[in-house]
Each structure stands twice: as structure tokens, then as C-alpha cells.
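# Report on the structure
Each chain is listed here by its residues.
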Amino acid sequence: MLRYTWKRILTGILSLFVLVTVTFFLVRLIPGSPFRQGGVSEQVVETIEQEYGLNEPVLTQYFSYIGNVLRGDLGVSYQDPATRVTEIIARAWPVTASIGITALAVSVLLGTGLGILRAVTKRRFVRELISAGGMLAAGIPGFAAAILLLLVFSVKLKWLPASGLLSPAHYILPVTALSLYPAAMIARLVGNTLDSELQKDYVLFARAKGIGKWQIIFTHALKNAYLPVLNYIGPASASLLTGSFVIESIFTIPGLGREFVGSITNRDYTLILGLTVFMGAVVIIVNLLTDLLCAWLDPQTRRAYKKAGDSAK
Amino acid sequence: MSVLDVRNLSVQYPTENGAAEIVKDISFKVEKGEIAGLVGESGSGKSTAMLAVMGLLGERASVRYDQITVSGEAPVPGKNVAMIFQDSLSCLNPSVKIGRQIMETVRSRRKCSRKEAASRSQELLEMAGIRNPELRMRQYPFELSGGMRQRVVLAIALACEPELIIADEPTTALDALVQAQILQLFKRIVRETGTSMLMVSHDMGVTAALCSRVYVMHGGRIEESGTAEDIFYSPSEEYTKLLLRDARGGSLSGMKKEDSLAGQADKCRAEDEPILKMEHVTKIFDASEGIRDLSLEIRSGEILALVGESGSGKTTAARILTGMLTEDEGTVYYHGKVLDRRKRMELFEGRVQMVFQDPYASLNPCLTVREALAEALEAAACRKSVKTDRDRMMQARTDEKIDEMLRMTGLTPEDADRYPRDFSGGQRQRIGIARALIVEPEILVCDEALSSLDATTREQILELIFQIQRKIGFACLFISHDMHVVRRISDRIGVMYGGHIVETGKTKKICADPWHPYTKQLIEAVPEPDPIRAAKIKAAPVKDSADINPSGCAFAGRCGYAMECCGSEIPEDYAFEGREIFCFLYSDRHSGRRSSDYRMTSQI
Amino acid sequence: MLRRIRQHWKNYIGNSRMALIGCTILGIWIVLAVAVPLFGPWSYSEQNAEIRNQGASLLHWFGTDRFGRDLFTRVWYGAGISLAVGIFSTLINGIIGVLYGAVSGYAGGRTDMALMRIADIIYAIPSMLYVILITLVMGAGVGSMILGLCVAGWISMARIARGEIIKLKETEYAYAARMEGISPLRILLKHLLPNAAGTIVVNMIFLVPQAIFTEAFLSFLGVGIAAPAASLGTIIQEARSQMMLYPYQMIFPLIVLCVMLLALNMAGTAVEQRVGQHSGKGTGNR
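Residues numbered from 1 in each chain as written. Chains lettered and ligands numbered in written order. Predicted model: local features only at pLDDT ≥ 70, side-chain atom pairs only at ≥ 80, totals over all residues.

The name that an unreviewed UniProt entry assigns to chain C is ABC transporter permease, with the source organism given as Mediterraneibacter catenae. According to UniProt, the comment filed for chain C under the heading Sequence similarities (unreviewed entry) is "Belongs to the binding-protein-dependent transport system permease family. OppBC subfamily." If you open the UniProt record of chain C and go to Subcellular location (unreviewed entry), you find "Cell membrane". (UniProt positions renumbered as here; feature names shortened; annotations may be inferred.)

As annotated in an unreviewed UniProt entry, chain B carries the name Nickel import system ATP-binding protein NikD and is attributed to Mediterraneibacter catenae. What UniProt records for chain B under Catalytic activity (unreviewed entry) is the sentence "Ni(2+)(out) + ATP + H2O = Ni(2+)(in) + ADP + phosphate + H(+)". In the Subcellular location (unreviewed entry) part of its UniProt record, chain B is described as follows: "Cell membrane".

Laid out in C-alpha cells, this is it:
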């Protein structure tokens, strides 16, 4: 298990490095200079570029950037030279993460609950209702849902605030918009896998040995049904944690997604790069954790790695 | 009062065109302390009937009955009845430890503390013949062997403290030796606990070995019922007779000619280079699987059978010969030439063909039978580069050949334009054989080609392979775990255990007089459809130490004749008049110095 | 050929009500998207200062936007662009993905490893970055949008195709074909891909709404298709600045977009259920 973990961490670091490299050169391909805006004179632009080392050869810039990243320094924002990229991340990420984690919790609870209900219920009507609701929620894009929610609940009914993130009430709309899709997907996955698990022989055998319905679902079937669901939840939580560009921009939430959109429109090289690196790292770490969790939860792989580890010693 | 009393049970399923009656008005009884048997082919409705008795059928089924009682009460699963299923691996939850699965049963039957449940579980596991139950309880189902899992399942059923255990094909997925052990275990349990048992099986031999009362089921009806002696010695219904005939498996119809052919074949053997030969081949997957230092040769026109339990490496050997797997060490010769290990399958150019075990997985569902056969022919034609007239002439000849092949394998030319999904398992296996033979291969490899089929279908396909082989005369490597099948079809046998061949020789000689202890066990473990003979069935000593000692004889761990040298040295190949045996019992050291005219006989 | 098509139709669609509804809506949407801009009385781009921000009327069914353009015409024009972007990018992504995945899966070993790592890295970069880069180089048009969606869009398809091929490569009929001496390319095309077709088709259908959605959301953020061309995303984005005053300008395109995506999802789900039912072994002889 430990060896497997190390191997995964190493490949993760390697992918992160390649990601930094590719993004670095991609960003340099964007035509136009970040400072050539609003009629600044050529003279000024050159001075500033010199100051940031932008007139040096690209490779030199690349190596100095890599060196900085290794020291944990993502550079200074071009747009706002007073703040460091790390500071921007430190400011924006907690905002994003707080919404993301809430949405994650909501969608996991709601999705699992509805999924179980769909698999267990004998009423055709309930089953179809959940399926149809799931399709609606999964089919409507997040931003459309966000706008509709906004129009209905804050513009028309004026029940909920439209922007910012000051009170718990502010969370309701963005969290709803964010969790609709994952909740629908989780409900569908849980429903489908649970359905097929309940067809299996061990469930029949458990019934034959006199175990009750709910005990079968919670101690037997759900345990096996949840592995594929975890495989979905992993990447989904990674994307929730790195922020949604659209939701944050619709509800004017000062999170990572909004910073990213802003950095691209402003051609703020260091910020784009820094955010990509940070988001990449979050995605890689979350995926790593998911894989390890899945491997650990599946007794077959767990034993296999244990065995491999033993023989390696 | 009977323990189980079922009267006029019917089960219907709604289908697109009306209701299908799977079980038609059947009645049966099981008395206290007896083992009753319900035999029938797959699809006869026996499993459905059992699930109906348990009350475990899905909502779609409509069940009607006048009476189902267990000692006068309604059956409650887990209380007065318990059930055991065929596949012990899928019956146990793969991600829950054995201990928990049995403890929850104990605790659902009666309120007790965790500790009490744990000690009760250990007791039950021990009763089911599992040694070291503490260790087993901490393991997951996949870490146990098939036989051990079936013991666990039995222990769980016993944890319900039922009056009746319904066992649905409990030994079908097991090897003959393990099956014999489990059958003995069932007998012991019934004797010791006084539980009654209803044994559902398609296997007449298994039924004969266990049951005192037998019901024969066919097409949803009970065709015949009576004591075991009645059913097996004086059956009255035509269907029962048919079942018995297939189970006894008389000699194949072409067999008589074989004697005359054998003489010719013997002559060929002396002169001919073997078509395929493997020498000292080793391929290891896991600590206990794969093959080790295996040598084998197939000569033209013969049927060589490899027999052994699952995990003995016979399929691995076949796959290496065909090139589906590459060996770690050793060489494979084809007509005396060594072919490139990685490209062997391509270099054979269709001269080695295979019939697979699973008729559902071995045909491409997207191609009609004609397309599949034509493709094989085309590939063969391309190689021979007879592209002179690849237009209508060619097409007509292809079609002709396909029709001929289909007729030969017992299908009709009209079947050619249908898709594999339109055929039954046996028919698919025929298609598989047709596809393999249409390119006129030198060697046909049949990898457990019969083991997924019903007894009757199995007889037909066995007959078919034998007939065609005698007609066309290709060499055949026949892989099977079933001694009964192998004995009838093959010219020569190689008995495998733990990745080694332990004994080879002429089929007749080996079956009549096995020399190697394992061969003997294997032959004796096959239950015959004869209650008196089956009652004497011997179960090999229960040694679960299937761990193979790589520095000694593979079989030493389970051998009743094991000597000191068996654990420390690997036996060599001792050859006596066409028979080769890998056992120290036949070494010079053991049998003493022999004079030149000494005739070796069986040492066991 | 006709028999095969009917066979495929039966295999994939059957007589599912959901598929019927989805396909009908899609059909209507396509007809409207083609007919309204072509034969309607208004132009999607002509501005008219006299009729700015008018609500829905008999003359302008969806009203007009802040430049006085007929919204009905614009919405259907945009829907057409969105659909075209979705379908074209899916076709390209599907073909690239299936080929890449199939080759990677069939080759196996190091080749597979290298190809999949490359795909992983392309996938890790936000597609927004690609689209912006391409728009900056090529200009903000439909072409650059499709191209932008195709840089990373094929990867999910490649992964699916690869998984299927790896699974099918080990089937007994694939081995049988190899034993017959059939060339690898033919095995791939004739034995493996047709059997993977179900999964591939299902995922292709789901790629279309995904691509439409990505396009809409990029256009909504202002980095996608720009004037004079307009997609639904662009129209929604234009309406955003006066969302509080004239919400209808946003609601109409939103509804058209949502119904379109729903119809696609319905069709996809129906096929998924159908193909899922069909791939089980042993279902044939019942």
C-alpha cells in the first residue's frame, strides 16, 4: 500500500510539473502585452516589461519561474503589483472552498438519499419522479439554473440576496446551483449500482438467511454500490473545490473562478499561471486521495497491495 | 409429519406473449432427517420452484400453491429453512469479512452478544470442516478456495438452525475431489444435526451419492418420483431413462473403429515428428498458479487430453501452445521448428484453432454465422494466395463450404444468416466448432469446451467432436476437468496437478489402472449414477494445504503415500512402456534394483 | 444496408417513449433553427433603434433586444449555431477520441502508457485557456470555438474507447479471430469496434449537450462567439447587463437552450438504457 502511495505521489508531482511547463508556454503564446492597455506609451510598457523580466529570453524566464514555484513563490500579479499571487489565492480559495464543500455535502447527502429511495421504492411513480428530476437537474447547465434561480428568488420574489457572500442566506442560491448536477449524477449512480447490487446472489443469500431489508441495503449492498460512486465523487469534488467560473461570476462571489476569469481577460500571466498550478495541484491531490480511498475500501486491492508490500520487504 | 410438504405449486412469469408457466403444479415432500433429491436439466424450473418455496421470488412472478409447510408452519427464510446456492463466491458479499457474514446470521436468529456470536460462529465453521476458523473469520471470501467457501456457506445456513436446508447445485462449481468432500460433509451434517436436506442438482451421480428419495423434474413438471433405488435401477419414465443414459455415458459410437485406427496411429507415432511439442515450459502468474517445467507433445491424428482440477495449469498449457500466452521459460516446437514466442499465434497462420469454454463469449455478437465463417475462410484463402478468381466463383465455393461445415456440425444452412444471440449454448458451441474446423486446422484445442453444457448437450457435442475428428483426422488437445468425459474421447491422457504433469499414458491403461496417487483419487472421486456404488465414494483426505511446495513434489501436501523425499526433491520422469509417471514410488530407489525383465505394476 | 439501419434503430432506440419525445423536440428545434432565420421577416443582426427593448408582441414573438433586433429570429439563429457547434465538435472529438483510444488500448504496453499520459496533461488544463488562445489567434468565430472545444474534448471519448477495446481485446472471439490469422486492423475494425459501438454511441450522444453547454458558458463569460455571429450563450450574455429590467431577454434563450439540452439528454438516456439492456450475455436465447 505504501509503495503504491509513493508511486502515485511521484506521478502526481511529475504531472504537476508538466502542467506548469505546458501552461507557461501556452500563456506566453497569448498575443498582446498585459501592460499595453488604455493608451500607455510604448516607453512605459518597455520599462515595466524590463522590470518584470519580460524582455529576457523565454527559457530564462521559464527557469526562474520554476525556481520560484519550488520555493513556494508564485510571483506578483501584473495587474495589481502590490499583491502576490499566493495572497490572492489565500484570499479567494477559502471563499470558493466554503461554497464547494457545502455543495459537496448537500449533493452527496441528497444524491445518496434519493438514489437509495429510487432503488428501494416499490412505487413506480416515485421512481419515475426521481429519474425525471435527475434528468432535469443533470440536463440544465449550471449557469442556466443559476440565472433562473436568481431571476425567480431574488429579482422576482426578493426572498434571497443576489450577490456576495455575507450571511448563510447568501449561500443558498449558489450552493443550490452548484449541487444540482452532482446531486443528480450521484442519485443516478447510486440508484443504478444499487439496483444491480440488489440483483446479486449475495443479497438473495442474505435474504435466505433471514436478514432484514434495510440491514441488507446498509451493511451489504451499499458498501459494494458505493465504490463506483466514490470514483465519481472524487473528480466532482475536485472541480467543486477549484470553483466554478460561471456561478462565481453570476453571484459575484470573490472566489478562485472569478479571479481566473479576470486574470485571463487582463492577461495577467503570473496570475493565470499561479491559479492553473494551484488548481492543478488541488485536482491531482483530490484524485490521488480518491484513488487511495477506493483502493483501500476494496478488500481485494487492499490485500493485493499488502501482499506486494510484504514480498517487497 | 413431513418436514417439508409442498402441494400443487405453480409459478408463472408474465412475458410479452402471455404468461409462461415455469413450474407446473408440482408436489413433493421431505421427511425428517433425510436427504431428498430433485434432479433435472437446467431450465427445468427446479431453482425457481425452490425460490418459490423460500418465498424469495421477485415481484413479477405469480406463485400459486395449496400448501407449503415446514413442519406444519409457513416457511420463514433464516428461521426454519435455509438455502445454499451454487456459486459460493457470488453468494458471499465480496467486501465483508467471513466472520461478520456468519455472525450477523447468528445474531439475527437469536439475540446474543457479539462475543457469544463469535464463539458460536467458530463452532459452526469447525462443524463445517474448516480448520483454523479464527483466521478464516478475518478473511474475505475471495481469499478462500471454492471448497472452503462452500463450507462457509453451509456454516451460515447452519447458523439459522433450520429444520430444512435447501441446497441448489451446491457442488456444481467445484472440482471432483472437492465435490466428494463436500458431499461427505453434507451426509455427516445431516446425520449429526438431524436437519433435513433437499438437494437440487442436474448431476445424477451427485444425486445418487446423497439422496434417499428422488424427484425427477422436466419442463416444470415432476416426471417421476420414488426412492433412489427405484429411480436408478428401475426407472419407469422415458425421460429418466434418457437422463441416466446420458449420465452413464456409454461409449461413443465411433469408438469401435478406434481399435483398428489405434494400430495405424501407433505406427505413425514412432516415425513422425510431433506436430507441437513443448519442453520445460514454465509460466508463473501467482505463487500457486501457472505451469512449471512442463513437457508435452501432440502427434498427428491423436486426441490428447489434459485433465486436472481448476488451477492445475491445464488451460495455461493450452494457451501457451496456441500462443495466447507467452511462456517465461522453455521452448515450443512446431514441426521441430521454434517459432518466435511473441508472434506465435500469427505464425501458426490458422493451423491451430481453438474451441472455447464459454459459448456466449466466444462468438462475436455482431457477425452472422455466415460472416464469421466466411471471414475465417477468407483469411485462410488470402494466405494461400489463391486470388485467381475471387469473384462469384469464390463466393459460391465459400457458401458451399459453409453449408457443408454447418451440416457436418449438426446445424442447417438456414442457420447461417442468423446472429449468435439466436442460438442456445449447445448450438453456439457447434458454431464455435464449425468456425474452428472450416479452415482445416492441424490441431484443434478444446479448452473445457463441454463444461458449461447440460449433460444431454454435452453428450451430443462430445459425440460430434469425436466423429469429426475420426473423419477428418486432425490432432486434438482436449482440456477438461471431467475424468468421465476424458476417459471416453481421448487416446492419451496427461494428468496435471499444481502446474506439473504427474502421469501420462494411454487412456485405457490409465483409467483402468491408475498408478499415480492423484490420478487414482481423481478417478475415484467421480460419483457414478448408482446409489450403491456411489455410497462407497471415497473422499480424499481433507487436506486444505493446497499450498504447493516448489522444492518438492507438487502433490506431496495432499498425498497419502508421501515419503520424506517427496517434500525435498522434485520427482523425475519415470517411463515404463508408453507410460510416464512423476512419482518417487516408481523410482529405482523405492522399488529397488530391477532386473531387465522386471515389469512395473501399480504401487498404490 | 437498409436492414442493418433498421436493425440499428431497433437496437438503439426501440420503442422508448423518452427517445421519441427527445427526438421529436430535437427535430422541431432543428427545423426552427434553420427556417426562422432563413424565411422569417426579420434579420438576426439588423439593428433598429426605434424598437429597442420591446416586450413580446404579435410582431416580435420574443420581443426585441437593446439594439432593436428581433429576439425570436436571434434566438433561433443562436440555437442553430449552438447545435452546429455541438454536433461538429462532437463528430470531430468522437472520431479523434475513438481512434486515439482504440489504438492506445489495442497497442497496450508502453505506447498505451505514453498516449494516455499525454491525454491526461492536455485534459488537466482548463479548456477556457485553449479557447481564449485560439480566439485571440484566429478571431472570435464559430470555427475557432469548434477548434477550441476539440483541443481537449476528445479525451473523455478516448478514455472510454480505450477501456472498451482493452476489455474486448481479451474476449474469446477476439482470440479466435487472431488465431484465424486475421490482421490486427481488421480485428479492430470488424470485431472490436462494432462491439464497442453501443458504449461509444451513447457517449457520443452525451458529448453533444456537453459541447453545447461548454460553448454556451464560454460565450456567456464573453470569451466565445462574438458579434455578428451569435450563439445562445452570446445572447444570454448580452441580456445579462439589463437582466433586472428586461428579464425576458434572458429567459427566452435560456428556455430554448435548456429544452434543447434536455431533449439531447433524453435521447442519450433512452439509448443508454436500451444498449445497457442489450449488452448482457445470455439475453439472446430468451
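So, next bit.
## Considerations on the overall build of chain B
Along its length, chain B carries 23 helices and 22 strands. Residues counted as buried form 49% of the 604 residues belonging to chain B. Expressed as a percentage of contacts within chain B between residues at least 6 apart in sequence, the contacts between residues at least 24 apart total 69%. (Helix = DSSP H or I, 4+ residues; strand = E, 2+ residues; numbered from the N terminus. Buried ≥ 20, exposed ≤ 12 C-beta atoms within 10 Å, placed from the backbone. Contact = placed C-beta atoms within 7 Å.)

## Overview of the overall build of chain C
Regarding its fold elements, chain C presents 10 helices and 0 strands. The order of helices and strands in chain C, counted from the N terminus, is α-α-α-α-α-α-α-α-α-α. With the principal axes as the frame, chain C shows a C-alpha extent of 75 × 45 × 30 Å. Within the span of chain C, comprising 286 residues, buried residues form 50% of the whole. Considering only contacts within chain C whose residues lie at least 6 apart along the sequence, 70% involve residues at least 24 apart.

## Some words on the nonpolar core
Judged by nonpolar contacts, the single largest core of 345 residues is most densely connected at Ala146(A) and Leu477(B). Here this core gets 19 residues from one element, more than from any other, and that element is helix 8 (residues 184-220) of chain C. Those residues in contact with Ala146(A) that sit more than four places away from it in its chain are Ala177(A), Val246(A), Ile247(A), Ile250(A) and Phe251(A). (Core = buried A, V, L, I, M, F, W, Y, C linked by C-beta atoms within 7 Å.)

## Looking at the interface of chain B and chain A
Contact with chain B, which involves 25 residues of that partner, is made by 17 residues of chain A. No other element matches helix 3 (residues 98-109) of chain B, which puts 4 residues into the side of chain B that touches chain A.

## With respect to the UniProt feature "domain: ABC transporter" (unreviewed entry) in chain B
UniProt marks residues 6-244 and 276-523 of chain B with the feature "domain: ABC transporter" (unreviewed entry), using the numbering shown here. Taken as a whole, residues 6-244 of chain B contains 40% helix and 26% strand, while its terminal C-alpha atoms sit 26 Å from one another.

## Describing the sheet that holds strand 12 (residues 290-298) of chain B
All names here are of chain B. Overall, antiparallel pairing links the 4 strands, which are arranged 12-11-14-15 in an open sheet. At either margin of the open sheet sits one strand with a lone partner, and together these are strand 12 and strand 15 (337-338). Pairing between strand 14 (residues 329-334) and strand 15: 2 bridges, direction antiparallel. When the sheet's bridge partners are listed, Tyr334 is paired in strand 15 with Lys337. (Pairing = 2+ DSSP bridges.)

## Some points on unusual backbone geometry
Residues and elements named next belong to chain B. Backbone geometry at His280 places phi at a positive 50°, although glycine is not the residue there. If you trace the backbone, His280 turns up in strand 11 (residues 276-284). Given 12 C-beta atoms within 10 Å, His280 falls into the exposed group.

## Describing the interface of chain C and chain A
The interface of chain C with chain A comprises 28 residues on the first partner and 29 residues on the second. Every element with two or more residues in the side of chain C that touches chain A is listed here: helix 4 (109-124), helix 5 (127-138), helix 8 and helix 10 (248-278) of chain C. The biggest single contributor to the side of chain C that touches chain A is helix 10 of chain C, with 10 residues. When grouped by side-chain class, the residues that make up the side of chain C that touches chain A number 25 nonpolar, 2 polar and 1 charged. (Nonpolar A, V, L, I, M, F, W, Y, C, P; charged D, E, K, R; others polar.)

## Some remarks on the sheet that holds strand 18 (residues 475-480) of chain B
Backbone-to-backbone hydrogen bonds pair the strands of a sheet. The strands run either parallel or antiparallel. Residue and element names in this part refer to chain B. Taken together, the 8 strands give an open sheet; going across it, the order is 16-17-18-13-19-20-22-21, and neighbouring strands pair in mixed fashion. Every other strand in the sheet has two partners, leaving strand 16 (352-355) and strand 21 (574-576) as the edge strands with one partner each. When strand polarity is set aside, the average angle formed by the axes of neighbouring strands in this sheet is 20°. In the sheet, strand 21 pairs with strand 22 (residues 579-581) via 3 bridges, with the strands oriented antiparallel. Note on strand 22: the bridge partner recorded for Phe576 is Arg579. Where helix 20 (residues 517-524) meets the sheet, its contacts fall on strand 19 (492-497) and strand 20 (500-506), and the angle it forms with strand 19 comes to roughly 100°. (Axes fitted to C-alpha atoms, helices over the stretch in contact; angles between N-to-C directions.)

## A word on the pairing of strand 6 (residues 81-84) of chain B
Residues and elements named next belong to chain B. Of the two faces of strand 6, the one carrying Val81 and Met83 and the one carrying Ala82 and Ile84 are both buried. In terms of strand pairing, strand 6 meets strand 7 (residues 164-168) through 4 bridges, oriented parallel. In the sheet register, Ile84 faces strand 7, and the bridge partner there is Ala167.

## Some points on the UniProt feature "transmembrane region" (unreviewed entry) in chain C
Residue and element names in this part refer to chain C. Mapped onto this numbering, the UniProt entry annotates "transmembrane region" (unreviewed entry) at residues 20-40, 75-102, 114-136, 192-212, 218-236 and 248-267. In residues 75-102, the share of helix is 100% and the share of strand is 0%. The end C-alpha atoms are 39 Å apart. Between the end C-alpha atoms of residues 248-267 the distance is 28 Å, and the span holds 100% helix and 0% strand.

## Here we look at helix 6 (residues 142-169) of chain C
The end-to-end C-alpha distance of helix 6 of chain C is 39 Å, a good match for the 40 Å that 28 residues give at a rise of 1.5 Å each. Of all the bends in helix 6 of chain C, the greatest, near 45°, is centred on Val151(C). (Expected span 1.5 Å × (residues − 1). Bend = angle between axes of the 7 residues up to and from the residue.)

## With respect to the environment of Ser451(B)
Residue and element names in this part refer to chain B. With respect to the helices, strands and loops of the structure, Ser451 is situated in the loop between strand 17 (443-447) and helix 17 (455-472). Classification of Ser451 by C-beta neighbours within 10 Å gives partly exposed; the count is 15. Considering only alpha carbons, one finds Ser451 and Val485, 34 residues apart in sequence, at a separation of 9.7 Å. When near neighbours in sequence (up to four residues on either side) are disregarded, Ser451 contacts Gln357, Ser480, His481 and Asp482.

## Looking at the UniProt feature "domain: ABC transmembrane type-1" (unreviewed entry) in chain C
Per the UniProt record, "domain: ABC transmembrane type-1" (unreviewed entry) is annotated on residues 79-263 of chain C. Each end of residues 79-263 of chain C is marked by a C-alpha atom, and these two atoms are 13 Å apart; helix forms 84% of the span and strand 0%.

## So, the environment of Pro550(B)
Relative to the elements of secondary structure, Pro550(B) occurs in the loop between helix 21 (531-535) and helix 22 (564-568). Here the alpha-carbon distance between Pro550(B) and Ile570(B), two residues 20 residues apart in the chain, equals 8.3 Å.

## Some words on the confidence of the model for chain B
Residue-level pLDDT values for chain B average 83, and 90% of them are 70 or greater. Taken as a whole, residues 256-270 of chain B scores under 50 in pLDDT and shows 8 contacts with residues more than four places along the chain or in a different chain. (pLDDT = per-residue confidence, 0-100.)

## A word on the packing of helix 5 (residues 124-139) of chain A against helix 7 (residues 168-198) of chain A
All names here are of chain A. Axis separation between helix 5 and helix 7 bottoms out at 8 Å; the angle between their running directions is 140°. Relative to helix 7, the element helix 5 lies oblique. Helix-helix and strand crossings are classified by hand; for helix 5 and helix 7 the assignment is left-handed. Contacts from Ile130, Gly134, Ala137 and Ala138 of helix 5 reach helix 7 at Leu180, Tyr181, Ala183, Ala184, Met185, Ala187 and Arg188. Residues belonging to the contact of helix 5 with helix 7 are distributed by class as follows: 9 nonpolar, 1 polar and 1 charged. (Parallel < 35°, antiparallel > 145°, perpendicular 65-115°, else oblique. Left-handed = near helix turned anticlockwise from the far one by under 90°.)

## Here we look at the packing of helix 4 (residues 85-120) of chain A against helix 12 (residues 269-297) of chain A
Residues and elements named next belong to chain A. Here helix 4 crosses helix 12 at 55°, and the two axes come no closer than 10 Å. When the axes of helix 4 and helix 12 are compared, the pair comes out oblique. Considering the relative orientation of helix 4 and helix 12, their crossing is right-handed. Seen from helix 4, the contacting residues are Val85, Ile88 and Ile89; seen from helix 12, they are Thr270, Leu271, Gly274 and Phe278.

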